[in-house]
Amino acid sequence: AQSVTQLGSHVSVSEGALVLLRCNYSSSVPPYLFWYVQYPNQGLQLLLKYTTGATLVKGINGFEAEFKKSETSFHLTKPSAHMSDAAEYFCAVSDENNAGNMLTFGGGTRLMVKP
Amino acid sequence: DTEVTQTPKHLVMGMTNKKSLKCEQHMGHRAMYWYKQKAKKPPELMFVYSYEKLSINESVPSRFSPECPNSSLLNLHLHALQPEDSALYLCASSHPGTSLYEQYFGPGTRLTVT
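Bear in mind the structure is a predicted one, so any value in this text is a computation, not a measurement. (Residues numbered from 1 in each chain as written. Chains lettered and ligands numbered in written order. Predicted model: local features only at pLDDT ≥ 70, side-chain atom pairs only at ≥ 80, totals over all residues. Heavy atoms only, no water.)

Moving on: the packing of aromatic side chains. Residues and elements named next belong to chain A. Here the structure, examined in full by the defined rule, presents 11 aromatic pairs over all chains. Centre to centre, the rings of Y50 and F67 are 4.4 Å apart; their planes meet at 20°, and the pair counts as stacked. A residue pair is termed long-range when its members are at least 10 positions apart, and Y50 in strand 6 (residues 44-50) and F67 in strand 8 (residues 64-68) qualify at 17 residues. Neither residue differs from the other here; Y50 and F67 are each classed as buried. (Phe/Tyr/Trp six-rings, centres within 6.5 Å; stacked < 30°, edge-to-face > 60°. Helix = DSSP H or I, 4+ residues; strand = E, 2+ residues; numbered from the N terminus. Buried < 20%, exposed > 50% of the residue type's maximum accessible area, 1.4 Å probe, protein only.)

This part takes up the interface of chain A and chain B. Counting residues at the interface gives 23 residues for chain A, matched by 25 residues for chain B. Here chain A meets chain B over a buried area of about 1,800 Å², counting both sides, of which 54% is carbon and sulfur. The largest per-residue losses of area from chain A upon contact with chain B belong to L44(A), N101(A) and M102(A), which jointly make up 28% of the total buried on that side. Along the contact surface separating chain A from chain B lie one salt bridge. Along the contact surface separating chain A from chain B lie four residue pairs in polar contact (both at pLDDT 80 or more). Those elements giving two or more residues to the side of chain A that touches chain B turn out to be strand 5 (31-38), strand 6 and strand 10 (87-95) of chain A. In terms of residues, the side of chain A that touches chain B owes the most to one element, strand 5 of chain A, which gives four residues. Along the lines of polarity and charge, the residues of the side of chain A that touches chain B split into 10 nonpolar, 11 polar and two charged. (Contact = heavy atoms within 4.5 Å. Buried area = accessible area lost by both parts, 1.4 Å probe. Salt bridge = Lys/Arg side-chain N within 4 Å of Asp/Glu carboxyl O. Polar contact = N/O pair within 3.5 Å; in protein donor to acceptor, adjacent residues only side chain to side chain. Nonpolar A, V, L, I, M, F, W, Y, C, P; charged D, E, K, R; others polar.)

Given below as structure tokens:
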């Protein structure tokens, strides 16, 4: 069975500071990994995904994530936080054996950005 | 068009009412999903349709009844709901058969059961 752990349900950074949101996963087969963002009263929007190939993945809004197999991690980073980045962030895992395309979500991390 | 639309945006219903949620996409996706999301929690999968057939039902109570009338539409019929069913209901779509493709989410319907 797959699982996802997001360390830190709340993360607070100052505007312009580095954003680091942590995600660790467990999977018995090579995983597919996703980061989604959810703004208040909205649906989820895909930030980036890793399936195969390059382990450093760049996404929208200046975010990137690095797949580290040895650490079973897929942490999300952004060099400089903006006020508009304040939202809930979900890491999710799936894999090629998952014919139903089911995602396993982490518990989410609420990012707060201070002016 | 990479949009999934959901109507209504908000719904308040009594425990004896019957209502329906609607979801629509025109991306040619043949997999569609219903999720339930409680406050401060991740989405929980309820149903998956693949090629208009119900492929996954995550042990959802029968007061929730999904329907996929065609490849673009997904409905969720609601009847005799309980207050604990109040939540944000999200629809999503994707290419079917592999998790290689991401799911696209709609904005959700905020349901309140009184």
